[in-house]
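An overview of the molecular structure
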Amino acid sequence: MSEISVFSGKGVLITGISGTVGQCLRGRIATLGVSEIVGFDNNESQLFLDAQESAGQFRPIFGDIRNSDTLFEACKGVDLVFHLAALKHVPLCEVNPVEAVRTNILGIKNLIDAARSHGVEKVLNTSTDKVVNPFNVMGTSKLMGEQLIRAANLTEPNTRFFSTRFGNVLGSRGSVIPIFRGQIEAGVPVTLTSREMTRFVMTLDEAVSLIIESMTLAVGGEVFVTKMKAIRVEELAEVMIEDIRGVDVQGKSDSLISEVGVRPGE
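Reading guide: rules and limits
- Residues numbered from 1 in each chain as written.
- Predicted model: local features only at pLDDT ≥ 70, side-chain atom pairs only at ≥ 80, totals over all residues.
- Heavy atoms only, no water.
- Pairing = 2+ DSSP bridges.
- Helix = DSSP H or I, 4+ residues; strand = E, 2+ residues; numbered from the N terminus.
- Axes fitted to C-alpha atoms, helices over the stretch in contact; angles between N-to-C directions.
- Contact = heavy atoms within 4.5 Å.
- 1 Å grid on protein atoms, 1.4 Å probe; cavity = no way out; pocket = protein on both sides within 12 Å on 5 of 7 lines; lining within 4 Å.
- Points joined across faces, edges and corners; volume = space filled by probe spheres on them.
- Nonpolar A, V, L, I, M, F, W, Y, C, P; charged D, E, K, R; others polar.
- Salt bridge = Lys/Arg side-chain N within 4 Å of Asp/Glu carboxyl O.
- Core = buried A, V, L, I, M, F, W, Y, C linked by side-chain atoms within 4.5 Å.
- Buried < 20%, exposed > 50% of the residue type's maximum accessible area, 1.4 Å probe, protein only.
- Arc of directions from axis to C-beta.
- Polar contact = N/O pair within 3.5 Å; in protein donor to acceptor, adjacent residues only side chain to side chain.

**Points about the sheet that holds strand β3 (residues 58–62)**
Read from one edge to the other, the open sheet built from 7 strands follows the order β3-β2-β1-β4-β5-β6-β10, with strand pairing classed as parallel. Edge positions in the sheet fall to β3 and β10 (223–225), since each has one partner strand and no second. Put simply, the sheet's adjacent strands are angled 20° from each other on average, direction ignored. In this sheet, strand β6 (residues 160–166) lies alongside strand β5 (residues 122–128) in parallel orientation, the contact comprising 7 bridges. Opposite Thr 128, over in β6, you have Phe 166 as the bridge partner. Contacts from helix α3 (residues 44–53) reach β2 (36–41) and β3 within the one sheet, and its direction differs from that of β3 by about 165°. Sheet contacts for helix α7 (residues 137–155): β5, β6 and β10; angle to β5, the most-contacted strand, approximately 155°.

What follows is the structure in structure tokens.
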């Protein structure tokens with residue numbers, strides 16, 4: 001089934017549309033013949049800018065997925081849902097576990113209820129590689145969200161629920177690349193939690209292509225997992241230092257890179 005046939009004439013809801021992935025997804029979806037894009041987020045400023053930049057097909061809704069009433073309104077007239085809104089930063093979830101539960105678990109329950117009420121065709125939940133054998137709050141709460149989506153698909157005949165897992169999206173807001181770039185340009189040592197730390201990574205285009213392809217292929221109940229490259233974060237820092245500062249890192253990494261210790265939940 002082609003992307004055009006899946007999206008043409010459909011109303012699409014994107015929760016968390018103001019994030020990096022949401023912004024890129026909005027641009028891609030707008031080219032696929034959709035009838036309307038509903039942008040749902042608690043970032044007032046970005047929603048306002050999106051509305052100013054978009055044609056009449058864009059409907060901004062200011063709200064939080066923890067508010068079931070607002071989410072219920074957002075699902076009216078919607079055929080397809082991309083659920084991107086979440087608490088994603090491991091250290092913040094560790095020190096705010098109740099908020100992580102409210103957003104990553106109860107927020108998904110609210111979405112499931114709203115989608116069922118309005119007869120939405122498909123609901124895609126974006127998850128994370130950190131749900132595998134989770135030992136932190138973020139991974140555990142996202143795993144519970146996956147399980148709620150799976151259970152909803154078993155009990156709802158009219159709406160198809162499914163998930164797709166991301167790695168770390170390079171260059172997204174809060175990711176290491178903009179942080180490293182700022183440190184390098186400021187001439188201060190790049191901070192690493194550990195020189196042995198590794199991450200599964202994907203580009204922004206890869207992430208958006210993955211979720212569009214998942215929406216196209218899904219028949220309900222799946223957890224889509226793409227093969228992602230794993231990198232050592234120290235190697236990424238070294239490459240960025242050499243590229244931005246023009247310095248050969250060989251033999252100088254101790255002065256250019258500072259190890260600050262593993263963060264809570266890592």
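There's more to say after this.
**Thoughts on the layout of surface pockets**
When its volume is computed, the second largest pocket comes out at roughly 170 Å³. Those elements giving two or more residues to the lining of the second largest pocket turn out to be β9 (198–202) and α9 (204–217). Ranked by the residues each element gives to the lining of the second largest pocket, the list is headed by α9, at 4 residues. In the lining of the second largest pocket, the residues fall into 5 nonpolar, 3 polar and 4 charged.

**Re the pattern of salt bridges**
In total, this model carries 16 salt bridges according to the counting rule given. For Glu 36, the salt bridge identified is with Arg 59, shortest N-O distance 3.0 Å. Of this pair, Glu 36 sits in strand β2 while Arg 59 sits in strand β3; the two residues are 23 residues apart in sequence, bridging distant segments of the chain. A salt bridge links Asp 113 to Lys 109, with the nearest nitrogen and oxygen atoms 2.9 Å apart. A residue pair is termed a helical-turn pair when its members lie 3 or 4 positions apart in one helix, as Asp 113 and Lys 109 do in helix α6 (residues 97–118) at 4 residues.

**Regarding the nonpolar core**
Counting residues in each nonpolar core, the largest one holds 31 residues, and the members touching the most others are Phe 7, Leu 25, Ile 29 and Phe 82. Only α1 (3–7), β1 (11–15), α2 (20–29), β4 (80–83), β6 and α9 provide two or more residues apiece to this core. Ranked by residues supplied to this core, first place goes to α9 with 6 residues. Non-local contacts of Ile 29, meaning those with residues more than four positions away in its chain, are made with Phe 7, Val 12, Val 34, Ile 37, Phe 82 and Ile 212.

**Remarks on the environment of Leu 210**
For Leu 210, the position within the fold is in helix α9. Looking at Leu 210, the relative accessible area reads 11%, which means it is buried. C-alpha of Leu 210 to C-alpha of Thr 126: the two residues are 84 residues apart in sequence and 10 Å apart in space.

**A look at unusual backbone geometry**
Leaving glycine out, the prevailing phi sign among residues is negative, and the prevailing peptide bond configuration is trans. Phi is positive for Asn 133, which is not a glycine, with a value near 45°. By secondary structure assignment, the location of Asn 133 is in the loop between β5 and α7.

**A word on α3**
For α3, the full list of buried residues reads Gln 46, Leu 47 and Asp 50. In an axial view of α3, the angular spread of the buried residues amounts to 100°, which keeps them on one side of the axis. Counted as exposed and oriented over 90 degrees from the buried face of α3: Glu 44, Ser 45, Phe 48 and Gln 52. On its buried side, α3 packs onto α2, β2 and β3. For α3, the side-chain oxygen to backbone nitrogen distance between the N-cap and Ser 45 is 3.4 Å, and the N-cap itself is Asn 43.

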